[in-house]
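Understanding the architecture of this molecule
One letter stands for each residue in the lines below.
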Amino acid sequence: MRLESGWLLLVVIVALCSGGRLGTELRNKICPNCTHLALKLEYTSSAVEHEYIVAFKGYFTATARSKFISSALKNTDVVEWRIVPRDNPASDYPSDFEVVQIKEKQRDTVLTLEDHPHIKRVTPQRKVIRSLKFTETDSAAPCNDSRWTQKWQSSRPLRRTSLSLGSGFWHATGRHSSRRLLRAIPRQVAQTLQADVLWQMGHTGVGVKVAVFDTGLSEKHPHFKNVKERTNWTNEKTLDDGLGHGTFVAGVIASMRECQGLAPDAELHIFRVFTNNQVSYTSWFLDAFNYAILKKIDVLNLSIGGPDFMDHPFVDKVWELTANKVIMVSAIGNDGPLYGTLNNPADQMDVIGVGGIDFEDNMARFSSRGMTTWELPGGYGRMKPDIVTYGSGVRGSGMQGGCRSLSGTSVASPVVAGAVTLLASTVQHREMVNPASMKQALIASARRLPGVNMFEQGHGKLDLLKAYQILKIYKPQASLSPSYIDLTECPYMWPYCSQPIYCGGMPTVVNVTILNGMGVTGRIIDKPIWQPYLPQNGDNIEVAFSYSQVLWPWSGFLAISISVTKKAASWEGIAQGHVMVTVASPAENDSNNGNEMTSTVKLPVKVKIIPTPPRSKRVLWDQYHNLRYPPGYFPRDNLRMKNDPLDWNGDHVHTNFRDMYQHLRSMGYFVEVLGAPITCFDASQYGTLLMVDSEEEYFPEEIIKLRRDVDNGLSVIVFSDWYNTSVMRKVKFYDENTRQWWMPDTGGANIPALNDLLSVWGMAFGDGLYEGDFSMASHDMYYASGSSIAKFPEDGLVLAQTLKDQGLEVLKQETAVVKNVPILGLYQTPSDGGGRIVLYGDSNCLDDSHRQKDCFWLLDALLQYTSYGVMPPSLSHSENRRQPPSGTDHPLPERMEGKALLLLFLSNLWKHQKLLSIDLDKVVLPNFKQNRPQVRPLSPGESGAWDIPGGIMPGRYNQDVGQTIPVFAFLGAMVVLAFFVVQIKSKSKPKRRKPRVKRPLLLQQVHPPKTPSV
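Residues numbered from 1 in each chain as written. Predicted model: local features only at pLDDT ≥ 70, side-chain atom pairs only at ≥ 80, totals over all residues. Heavy atoms only, no water.

What to know about unusual backbone geometry
Residues other than glycine predominantly adopt negative phi, and peptide bonds predominantly adopt the trans conformation. Note the cis peptide between Gly370 and Met371, where omega equals 10 degrees. On the secondary structure map, Met371 appears in the loop between β12 (352-357) and β13 (387-390). Cis geometry is found at the peptide bond from Trp552 to Pro553, where omega equals -15 degrees. You will see that Lys296, though not glycine, has its phi angle at about 55 degrees, which is positive. Position of Lys296 among the secondary structure elements: in the loop between α8 (282-294) and β10 (299-302). Taking the relative accessible area as the measure of exposure, Lys296 reaches 61% and is therefore exposed. Phi is positive for Asp361, which is not a glycine, with a value near 65 degrees. Tracing the backbone through its elements, the reader meets Asp361 in the loop between β12 and β13. Residue classification places Asp361 among the buried positions, given a relative accessible area of 13%. (Helix = DSSP H or I, 4+ residues; strand = E, 2+ residues; numbered from the N terminus. Buried < 20%, exposed > 50% of the residue type's maximum accessible area, 1.4 Å probe, protein only.)

A word on α8
With 13 residues, α8 ought to run about 18 Å at 1.5 Å a step, and its terminal C-alpha atoms sit 19 Å apart, in line with that. Those residues of α8 not exposed but buried are Thr282, Ser283, Trp284, Phe285, Leu286, Asp287, Ala288, Phe289, Asn290, Tyr291, Ala292 and Ile293. Looking one or two residues beyond α8, the residue adopting positive phi is Lys296, at roughly 55 degrees. (Expected span 1.5 Å × (residues − 1).)

Describing the pattern of salt bridges
Enumeration according to the criterion identifies 27 salt bridges in this entry. Here Lys225 and Asp265 are joined by a salt bridge, their closest N and O atoms 2.7 Å apart. Separated by 40 residues along the polypeptide, Lys225 in the loop between β6 (209-214) and β7 (227-232) and Asp265 in the loop between α7 (245-254) and β8 (267-272) bring together distant segments of the chain. Close ionic contact of Asp709 with Lys705 constitutes a salt bridge, the shortest N to O distance being 2.7 Å. Here the residue Asp709 and the residue Lys705 both occupy positions in helix α15 (residues 700-711), the gap between them amounting to four residues, near one helical turn. Judged by relative accessible area, which is 7%, Asp709 ranks as buried. Residue classification places Lys705 among the buried positions, given a relative accessible area of 2%. When salt bridges that share partners are traced, they join Arg65, Arg86, Glu98 and Asp287 into one network. (Salt bridge = Lys/Arg side-chain N within 4 Å of Asp/Glu carboxyl O.)

Here we look at the side chain of Asn301
Position of Asn301 relative to the elements: it lies in strand β10. Residue Asn301 is classed as buried on the basis of its relative accessible area of 0%. Here the side chain of Asn301 touches Ser413 through a polar contact of 2.8 Å, side chain to side chain. Setting aside chain neighbours within four positions, we find Asn301 in contact with Ala211, Val212, Phe213, Val249, Ile253, Val329, Ser413, Pro414 and Ala417. (Polar contact = N/O pair within 3.5 Å; in protein donor to acceptor, adjacent residues only side chain to side chain. Contact = heavy atoms within 4.5 Å.)

Considerations on the sheet that holds strand β23 (residues 555-564)
The antiparallel open sheet is built from four strands, whose spatial order is β16-β18-β23-β21. Every interior strand has two partners, whereas the edge strands, β16 (478-481) and β21 (541-547), have only one. Neighbour-to-neighbour, the strand axes of the sheet open up by a mean angle of 30 degrees, direction not taken into account. For β21 and β23, the ladder comprises seven bridges, and the chain directions are antiparallel. Residue pairing across strands places Tyr547 opposite Leu558, the latter belonging to β23. Helix-sheet contacts for helix α11 (residues 435-445) involve β16 and β18 (508-516), and the interaxial angle to β18 is about 120 degrees. (Pairing = 2+ DSSP bridges. Axes fitted to C-alpha atoms, helices over the stretch in contact; angles between N-to-C directions.)

A few points about the packing of aromatic side chains
This structure, assessed with the given rule, holds 28 aromatic pairs. Seen in terms of ring centroids, Phe56 and Phe68 are 6.1 Å apart; in terms of plane orientation they differ by 50 degrees. Their pairing is tilted. Pair noted here: Phe56 is in strand β1 (residues 37-60) and Phe68 is in helix α3 (residues 62-73), with a separation of 12 residues, a long-range link. Like Phe56, the residue Phe68 is buried in the burial classification. Their ring planes at 80 degrees and their centres at 6.1 Å tell us that Phe274 and Phe285 sit as a pair that is edge-to-face. (Phe/Tyr/Trp six-rings, centres within 6.5 Å; stacked < 30°, edge-to-face > 60°.)

Considerations on the pairing of β6
For a regular strand, side chains alternate in direction, first toward one face of the sheet and then toward the other. In terms of residue burial, β6 counts as a mostly covered element, since five of its six residues are buried. Sheet topology note: the β6/β8 ladder contains six bridges and is parallel. For Ala211, the partnering residue across the bridge sits in β8 and is His269. Summarising the sheet, β6 and β10 pair through three bridges and their orientation is parallel.

This is how it looks when you write it as structure tokens:
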């Protein structure tokens, strides 16, 4: 739902179906017979100029909210401001936010609002636009059976695919599809899920309040008999649905005739949050969410989503909704088949995230895949989606009556919402139904799809009747998702099962979600306990934990780190054991307030151990220097992708580099992930350090450590991307949030930082920006917005190609061809037993996002060189070989003014605000390079360290760390001494009132995500 403001300038909004009668006329003109049509759905969003959402730390009346804001702005320069009236059903109730319009241009003045003790946060008001357009499909469809397809215009690095039904639209993941007789596609999803069995038992959704947040519903629609309330949260004076999407969603849930919904007698509450022009605002959703809490809604369907899990007002309100026992069901997103593309809020632990399948039980190609990316780069994502169900060709109510068939995860979401509504009506003691207990029933009853992994299908396909049976005997308890860890079970446990573990390897981290059906809040008693099965060699593995100290709302995390003991360095076999976790929650409706309910759960663990592979076979992927969630504008690696220019998704070998990872495993390499600084690994264990698309800064300690490692035999392969300050200025855009131009913080990669790292070997990338097709070693290649090598040792090998000057095209719209552009360099360091270094200027050939031609063959050849010292003849004897550049022809690229300080100050980007509100040229910041944090900050409620039975966590200790302890001790003593000197001096001087300092946006305290960072 919530994408960045640049989209407003980059996406053309097609309002082909923007109003009821007009839309009908257009449809009739385009296709009188209503056939051969697919309906595309796109989301964009932008900040509303001068408008801000002021969130309070509680619910207050309108008078009190106004007084708080007046008090906060009293001593500021802000003169022209007003509270924007909100005329909706929630206006008569206390609220926890206000929309304020401030005409002044001083962004830092607005931030003074947050100094008020009752104000929690100030964020921009956002405008959301959802556009619909008709396109031709390959096959005819019956009249009134148009396909509603979605294309989420998120700024994620992935390929957008049309959801129109054509050849290859569905794919059977992991299965070979031969010719077979296809059974007829059922016309009614309710009957397919056997809802009629529960209807015959008298369960039809009676007494359950279900909210539909969409485009509204007509008052006299013939399909609905129990519409309790229709509310309008938009600025249009109508409650009717002018587009049909809201009607369809409501029909899947609760239609009573023709295309029947799953819970026809449920109490429908219609929330119209989109206009007929497909426009919405964040404040409309927040007001509507507050009203849903007031009305004690039981189930809420949200068929929208976006990548921005740091949208604090929205995420905070979702937590508040579920904390009030609202069961939220949300679409996981239509950004598949790429991994790591989950949408928010479906990726939250307390929300039921729904993916899509077809009626042949194949995963829908469009359905987004896990893992979650909140935890990157230091940790590993959680298992999502939670569950999958039918999302293609599902029949639902038409806008004025009749039925239509639509497709997408926004269709699968109301299928599950209807099932949840129906299931809730079967429970005699309704107080036992909550977001956790319902999710527990759904995932425990889900039917596993064969040949599909956990990050595609979650726990499996929705099984309505089995979920009913589980709820019938349910008792409040805690459970885990996934419920077991089996690193030998393929393909379901991919990627864990794709590589055995061994002594000395980076610990394998499995991020388990704790669901607490006993209460909205809970805690883990003592700590998790590892119980090895000695007859099954359980003592050959070590297990460490990081976990939520407080489970809220309804959930928490348990991150499990698995490593192999030293005694098993040469052993091969299966090791087993289990983890015991005891969860406690305050007892509800108990006369003794001190009583608690407890639940103990067991997590079986099974792993395959092999002898430690030779160093030459071990590749270490540098994850730490890939950005996890940029706080600013980070452009796409491939500038040709104009419809998807922002790079928001965290890179990982199991998400957008999944194909590369699979290829390396098939070639016999063992790929490990470094989620810590370069100073934190034992380089003697690895043959090659693989650095792809690095965006973070490298600090002096890392540069020194890497040089020493290379001298001792470690090899390095660097796949870079473009960096050009002129182009970066050219691709800037105006942000109405701050009323400033957004300038990219870096290019596709952080070339100046890489050049700092490589300078000790006399290497550097240039600021040229090139693209084009070429041939190398009889392989067709494509260079997508790559850089060139500007400096390389004389005794190194350099290959060059003829490419287009894409920088010139961007800057002046001119075309030029440049010959002898150095793009590949190979170098053997001179030290005895030293490693080798390889540079290549483009990473797009490895990235699944927009890859046109892969270069896996080149990676194989480079690894042969770095790991075994074998120079590929196809490269050493290439006709494209040239003299290495000396770096004197052109100056090396420098950091854009102010950007180096920004990245150094963030230190792996733990602050998440989007833009500095201060002029960095006028502010002197301390040099943070010398004080780089070596550990990540803790999530709320997270324990302060890994609990490690039996000693230090293996694979993380660096022998050189101990040598720096005296230095840090000395520096610490100097700081303490300086502090006392300042205190003595201050007491001898008269006290003066310190001037008020305006806080830079990046220094504000933010609320980090509740998910783990381990």
